[in-house]
Amino acid sequence: MSCMSGKKVRTRFAPSPTGFMHVGNLRTALYAYLLAKSQGGDFVLRIEDTDRARYVEGAVQVIYDTLARAGLRHDEGPDRPGDCGPYVQSERREIYGKYAEELVRKGSAYYCFCGKQEPAEEGDESVTDASEVCPCCGMDPVEAAKRASSGEPFVIRQKIDRSGVSVFTDAVFGEITIENKVLDDQILLKSDGMPTYNFANVVDDHLMGITHVVRGSEYLSSTPKYNLLYRAFGWELPVYVHLPLIMGRNAEGEISKLSKRHGSVSFENLLAEGYLPEAVVNYIALLGWSPKSDQELFSLEELVERFDVSGLNKSPAVFDYGKLRWMNSEYIKRLSPEEFAAAAHPFAALPEKLEPVWGKIASLLHQRTELLSEIPQKIAFLAELPSYETDLFFNKKSKSSPETAKAVLAELLPRFEALEEMAREAVGKLIEDYAEAHGVKLGQPMWAVRIALSGLPVTPGGPGEIMEILGREESLKRLRAALERL
RNA sequence: GUCUUCAUCGUCUAGAGGCCUAGGACACCGGGUUUUCAUCCCGGCAACACGGGUUCGAAUCCCGUUGAAGAUGCCA
């Protein structure tokens, strides 16, 4: 029997340690967490490492780190002992063997000695026909057991009755009907004694008292086979919550599935690109689930409060970096100045001479940063003036051109030189005076000075702020150089 | 190929027969504020895949077509 009893909701997240966390998997974890927590239930972490060929060193730590950074605290797991351990499948080997044999005794599984099937050729469309039953299925159980115990390699397959139909209800997709004739005698126990996902999942979910199975919709069509297993054991079925897939866009702009095998969109990847973990969590929460209101920004606590299975969508969702980016900027803007400076600093790649003015730079950056990784390119001009074409002095809106810029710089340079300190206010005043005296838009002198100082059309902060950071000497040097070129 | 599923603006979505001349958000375009660019604010563009039903009435229900995705592994 299950080690947990009672009606408490229990969900689990069961990733395999591959070394990175695909956002699709993280979203599955999120929903499992939200479902449990919204019901006051438990969220369990289980490591599915039954494929020894795919074992990656340190991968379990990646999973812990990801869940911690995403704020998804599990109640039980390898690192948080509970009553249903061990929580690592490779440590549960004997358990699966025992249950597989029980199934053989009950006539719902059998030993198979056919050996490994060679993988089909690339492009070969012929697929194994489920109606073709393995010849070992009819073997005398006594003889089969004898051969198995004599050391002959074997696997244990599920014995499926191909007659009739299987019907089950999914919390998202509703009633699903599948003809049993398309079901195959899937392998439950591999020749190395490890269980397959298909078997380990059922056994563990039952043993760990999982009430709601939350997973991707790719498992929809194999769910009848799991149900047959539950029934063979006489176990109660869990509530199924299948999630729509997350799709991606390739370089050609075509939409295809965001494959978890290609792993291009991993959580750690996104963080390295300068997305905040809270923003990523918020974004993926809305990829396939709707709060049914116009609110889009949610803290994890709010999500727990608002989460409901009825908001889950059936159709696949395309992962959109543009929207993530916007959401990230919203989260960045909500950071305190201190938090922003701290979060942005590792990304800034600041040259030593600018280190003392980082606070000033950060305050300019704060409200105009969407991605932390873009900071270096935004502030590179402070360390070194980039080369630029004088065409940059053209600007339609402020009616600027190289000629107007020349006039501006020629007149303002001596006045800037007269300043003892390049304070924002003082610089601004001189520029304003120029605009007023010449009856031009303020943008005109602003534009000219900005370009001369930075070589860029868009900068964090205006001329006054830039000169303050650059200092008197460097500012004047750049302005003189620009004037000379004009 | 077979099986299963899905189908509203470019994208994420609201919509559970009349409240829909289909709402919100991102992106895009335009305007305004701002000591300039950006931020911010305001406005605009833009969708019910198609064809049949059912109904007084369909984005919403049914059937078909088309399209898309998943499964069909000693991977999970």
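Participant: Help me understand the overall build of chain A in this model?
Facilitator: Broken down by element type, chain A carries 18 helices and twelve strands. In terms of overall size, chain A is more extended than a compact globule, its C-alpha atoms giving a radius of gyration of 31 Å where 486 residues would be expected to give roughly 23 Å. Per-residue burial over chain A gives 49% buried out of 486 residues. Contacts in chain A between residues far apart in sequence, at least 24 positions, make up 75% of those at least 6 positions apart.

Participant: Any chance you could explain the pairing of strand 6 (residues 174-179) here in plain terms?
Facilitator: On a regular strand, one side chain projects to one face of the sheet and the next to the other, so that they alternate. Here six bridges tie strand 5 (residues 165-170) to strand 6, and the two strands are oriented antiparallel to one another. Bridging from a neighbouring strand, Val 167 pairs with Thr 177 of strand 6. What sits between strand 5 and strand 6 in their antiparallel hairpin is a turn of three residues.

Participant: When you look at helix 12 (residues 358-365) in this model, what are you seeing that I'm missing?
Facilitator: It helps to recall that an α-helix has 3.6 residues per turn; residues three or four apart then point in one direction. Taken as a whole, helix 12 has its buried residues at Trp 358, Ile 361, Ala 362, Leu 364 and Leu 365. Viewed end-on, helix 12 has its buried residues packed into an arc of 160 degrees, placing them on one side of the element.

Participant: Even after reading the chapter, I still don't get the packing of aromatic side chains, so can you show me in this structure?
Facilitator: Two aromatic rings are characterised by how far apart their centres lie and by the angle between their planes. All told, the structure shown has 16 aromatic pairs when counted by the stated rule. Note on Tyr 33 and Phe 43: the rings are 5.5 Å apart at their centroids and 85 degrees apart in plane angle, and the pair reads as edge-to-face. With a gap of ten residues between them, Tyr 33 in helix 1 (residues 23-38) and Phe 43 in strand 2 (residues 42-45) connect regions that are remote in the sequence. An identical accessibility class is assigned to Tyr 33 and Phe 43; each is buried. An aromatic cluster is built from Tyr 99, Phe 199, Tyr 230, Phe 233 and Trp 235, whose rings are joined through pairwise contacts. Of note, Arg 147 hangs over the ring of Phe 113, and the distance from its end group to the ring centre comes to 4.3 Å.

Participant: For this particular structure, what's the right way to read helix 8 (residues 277-285)?
Facilitator: Burial runs high along helix 8: eight of the nine residues are buried. All of the buried residues in helix 8 are Pro 277, Ala 279, Val 280, Val 281, Asn 282, Tyr 283, Ile 284 and Ala 285.

Participant: Would you take a moment to explain the sheet that holds strand 4 (residues 155-158) for this structure?
Facilitator: Paired through backbone hydrogen bonds, the strands of a sheet run either parallel or antiparallel to each other. Sheet architecture is open: three strands sit in the order 3-4-7, paired in antiparallel fashion. Only two strands of the sheet have a single partner each, and these edge strands are strand 3 (109-112) and strand 7 (187-189). Across the sheet, the mean angle from the axis of one strand to that of its neighbour is 40 degrees, orientation sign disregarded. Bridge count for strand 4 against strand 7 is two bridges, and the pairing is antiparallel. Across the sheet, the residue bridging to Arg 157 is Ile 187, located in strand 7. Contacting strand 3, strand 4 and strand 7, helix 3 (residues 93-106) runs over the sheet at an angle of about 105 degrees to strand 3.

Participant: Mind showing me how you'd approach the packing of helix 11 (residues 337-348) against helix 13 (residues 375-383) here?
Facilitator: To describe two helices that pack against each other, one gives the angle between their axes and the distance between the axes. Axis separation between helix 11 and helix 13 bottoms out at 9 Å; the angle between their running directions is 80 degrees. By the criterion of interaxial angle, the relationship of helix 11 to helix 13 is roughly perpendicular. Residues Phe 340, Ala 344, Phe 347 and Ala 348 of helix 11 form the contact with helix 13, whose participating residues are Ile 375, Pro 376 and Ile 379.

Participant: How do you make sense of the pattern of salt bridges when you look at a structure like this?
Facilitator: Where charged atoms from two side chains of opposite charge come close, those side chains can pair. Evaluation of the coordinates by the stated rule reveals 29 salt bridges. With its nearest N and O atoms 3.7 Å apart, the salt bridge here joins Lys 181 to Glu 179. When its relative accessible area of 49% is taken as the criterion, Lys 181 is described as partly exposed. Across the pair Asp 433 and Lys 429 runs a salt bridge, and its minimum N-O distance is 3.2 Å. Of this pair, Asp 433 and Lys 429 both sit in helix 15 (residues 424-438), four residues apart, which is roughly one turn of the helix. Accessibility expressed as a relative area gives 29% for Asp 433, which makes it partly exposed. One salt-bridge network, held together by shared partners, links Arg 12, Arg 46, Glu 48, Arg 92, Asp 204 and Asp 205.

Participant: I keep staring at the pairing of strand 2 and nothing clicks. Help me out?
Facilitator: Here strand 2 shows a buried face lined by Asp 42 and Val 44 and a second buried face lined by Phe 43 and Leu 45. As paired strands, strand 1 (residues 10-13) and strand 2 are joined by four bridges and run parallel to one another. Paired with Arg 10 across the two strands is Asp 42, which belongs to strand 2.

Participant: Could you clarify how one ought to interpret the environment of Arg 478 in this entry?
Facilitator: Along the chain, Arg 478 falls in helix 18 (residues 472-485). Measuring from C-alpha to C-alpha, the distance between Arg 478 and Gln 295 comes to 47 Å, with 183 residues separating the pair along the chain. Those residues in contact with Arg 478 that lie beyond four places of it in its chain are Phe 381, Leu 382, Ala 383, Glu 384, Leu 385, Ala 452, Leu 453 and Leu 470. One polar contact links the side chain of Arg 478 to the main-chain carbonyl oxygen of Leu 453, over a distance of 2.8 Å.

Participant: When you look at the nonpolar core in this model, what are you seeing that I'm missing?
Facilitator: One recurring pattern in soluble globular proteins is that nonpolar side chains are buried together. In this structure, Leu 72, Phe 319, Ile 361, Phe 416 and Val 449 are the most contacted members of the largest nonpolar core, which totals 98 residues. No other element matches helix 1, which puts ten residues into this core. Discounting residues that sit within four places of it in the chain, Val 449 has contacts with Val 408, Leu 409, Leu 412, Phe 416, Ile 431, Pro 463, Met 467 and Leu 479. In terms of nonpolar packing, the next biggest core, distinct from the first, is built from 44 residues, Cys 137, Met 139, Leu 189 and Tyr 240 among them.

Participant: I'm lost on the confidence of the model for chain A in this one. Help?
Facilitator: The predicted coordinates of low-pLDDT regions are not to be read in fine detail. When pLDDT is averaged along chain A, the result is 91, and 93% of the positions lie at 70 or above. Note that pLDDT drops below 50 for residues 120-126; the model gives that stretch zero contacts with residues more than four away or on any other chain. Prediction confidence for the complex, expressed as pTM and ipTM, is 0.93 and 0.95 respectively.

Participant: What exactly am I supposed to notice about the side chain of Thr 11 here?
Facilitator: With respect to the helices and strands, the residue Thr 11 is situated in strand 1. Residues contacting Thr 11, with those up to four places away along its chain left out, are Ala 32, Tyr 33, Leu 35, Ala 36, Asp 42, Phe 43, Val 44, Ile 210 and His 212.

Participant: What should I look at first to understand the environment of Pro 135 in this one?
Facilitator: Within the element layout of this structure, Pro 135 appears in the loop between strand 3 and helix 4 (141-149). Along the chain, Pro 135 and Leu 419 lie 284 residues apart, while their C-alpha atoms are 94 Å from each other.

Cut-offs and rules
- Residues numbered from 1 in each chain as written.
- Chains lettered and ligands numbered in written order.
- Predicted model: local features only at pLDDT ≥ 70, side-chain atom pairs only at ≥ 80, totals over all residues.
- Heavy atoms only, no water.
- Helix = DSSP H or I, 4+ residues; strand = E, 2+ residues; numbered from the N terminus.
- Rg over C-alpha atoms; globule rule 2.2 N^0.38 Å.
- Buried < 20%, exposed > 50% of the residue type's maximum accessible area, 1.4 Å probe, protein only.
- Contact = heavy atoms within 4.5 Å.
- Pairing = 2+ DSSP bridges.
- Arc of directions from axis to C-beta.
- Phe/Tyr/Trp six-rings, centres within 6.5 Å; stacked < 30°, edge-to-face > 60°.
- Lys NZ or Arg CZ within 6 Å of the ring centre and 35° of its normal.
- Axes fitted to C-alpha atoms, helices over the stretch in contact; angles between N-to-C directions.
- Parallel < 35°, antiparallel > 145°, perpendicular 65-115°, else oblique.
- Salt bridge = Lys/Arg side-chain N within 4 Å of Asp/Glu carboxyl O.
- Polar contact = N/O pair within 3.5 Å; in protein donor to acceptor, adjacent residues only side chain to side chain.
- Core = buried A, V, L, I, M, F, W, Y, C linked by side-chain atoms within 4.5 Å.
- pLDDT = per-residue confidence, 0-100.

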